[in-house]
Amino acid sequence: MPVTERALELAMTAAQAAADKKAQDIVVIDVAEQLYITDAFVIASASNERQVVAIVDAIEEALVNLPEKAKPVRREGERQGRWVLLDYVDIVVHIQHAEEREFYALDKLWKDCPTVPFVDRDMVDADASGVA
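Residues numbered from 1 in each chain as written. Predicted model: local features only at pLDDT ≥ 70, side-chain atom pairs only at ≥ 80, totals over all residues. Heavy atoms only, no water.

Identification of the chain as Ribosomal silencing factor RsfS from Paractinoplanes rishiriensis is taken from an unreviewed UniProt entry. Per UniProt, the comment on the chain under Function (unreviewed entry) is "Functions as a ribosomal silencing factor. Interacts with ribosomal protein uL14 (rplN), blocking formation of intersubunit bridge B8. Prevents association of the 30S and 50S ribosomal subunits and the formation of functional ribosomes, thus repressing translation." (UniProt positions renumbered as here; feature names shortened; annotations may be inferred.)

Here it is in structure tokens:
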């Protein structure tokens, strides 16, 4: 069974919030066929610990402001600011320092799962207005 509509809404909202804070390499992976505990992973990188925390804060704010609010049931790694995991049950968000992202290579670990296309709305707006 593919990713649910609710998981897709949460994942896209989280991905956009990360993009708004200049996260890099944002990927949404549909893990619904492989895992029973969640439908999707959102993975994003940051260049430093402060940016990791800023991205995490932005994601939490964006998801709690949805019409059907979402709060993480579990939050791990915030103290170190190198890899923060937010578990929303329907999705799990991984915000990683670029070094951790490269070392742990979650993208490669889940390479057999389909990705869900995500396009930063600011890029779409820039393309539409002719700004490069």
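Additional details are given in the paragraphs that follow.
K.L.:
Explain the overall build of the chain to me, please; I cannot follow it from the model alone.
P.N.:
Across its full length, the chain holds five helices and six strands. For the chain, the N- to C-terminal ordering of α and β elements is α-β-β-α-β-β-β-α-α-β-α. Taking 14 Å as the expected radius of gyration for a compact globule of 132 residues, we find that the chain reaches 14 Å, a close match to that expectation. The dimensions of the chain, computed from C-alpha atoms along their principal axes, are 45 × 35 × 30 Å. Per-residue burial over the chain gives 48% buried out of 132 residues. Once local pairs closer than 6 in sequence are excluded, the contacts in the chain between residues at least 24 apart make up 62%. Only carbon and sulfur atoms are counted for the fraction: they give 54% of the accessible area of the chain, which is about 7700 Å². The averaged location of the 25 negative side-chain charges in the chain is 6 Å from the averaged location of its 14 positive side-chain charges. (Helix = DSSP H or I, 4+ residues; strand = E, 2+ residues; numbered from the N terminus. Rg over C-alpha atoms; globule rule 2.2 N^0.38 Å. Buried < 20%, exposed > 50% of the residue type's maximum accessible area, 1.4 Å probe, protein only. Contact = heavy atoms within 4.5 Å. Areas by Shrake-Rupley, 256 points an atom, 1.4 Å probe, with all protein chains shown as cover. Lys, Arg positive; Asp, Glu negative; His and termini not counted. Charge placed at Lys NZ, Arg CZ, Asp CG, Glu CD.)

K.L.:
Sorry, what's going on with the nonpolar core here?
P.N.:
Soluble, globular proteins show a tendency: their nonpolar side chains are buried together. Among the nonpolar cores identified, the biggest contains 32 residues, and I26, I59, L63, Y88, I91, V93 and I95 are the most heavily contacted of them. For this core, the secondary structure elements donating two or more residues are α1 (5–20), β1 (24–30), β2 (40–46), α2 (49–64), β4 (83–87) and β5 (91–97). Take this core: its biggest share by element is eight residues, from α1. Contact partners of I95, with chain neighbours within four places excluded, come to A44, V52, I55, V56, I59, R82, W83 and V84. V92, L106, W110 and C113 belong to the second-largest nonpolar core, a separate cluster that totals eleven residues. (Core = buried A, V, L, I, M, F, W, Y, C linked by side-chain atoms within 4.5 Å.)

K.L.:
Help me understand a nonpolar patch on the surface, please; the structure alone is not making it clear to me.
P.N.:
On the surface, V119, M123 and V124 cluster together into a nonpolar patch covering about 280 Å² of accessible area. With respect to the element layout, V119 can be found in the loop between β6 (115–116) and α5 (121–129). On the basis of relative accessibility, which here comes to 54%, the residue V119 falls in the exposed class. (Patch = residues over 30% accessible without salt bridge, like charges linked within 9 Å, V, L, I, M, F, W, Y side chains within 5 Å. Salt bridge = Lys/Arg side-chain N within 4 Å of Asp/Glu carboxyl O.)

K.L.:
Please clarify how the pairing of β4 should be interpreted in this entry.
P.N.:
In terms of burial, β4 is a largely internal element, four of the five residues being buried. Both strand β3 (residues 74–76) and β4 contribute to a ladder of three bridges, which runs antiparallel. Looking across to β4, one finds that R75 is bridged to L86. Connecting the antiparallel pair β3 and β4 is a turn made up of six residues, with G77 showing a positive phi of about 90°. Where β4 and β5 come together, five bridges link them in antiparallel fashion. Opposite L86, over in β5, you have V93 as the bridge partner. (Pairing = 2+ DSSP bridges.)

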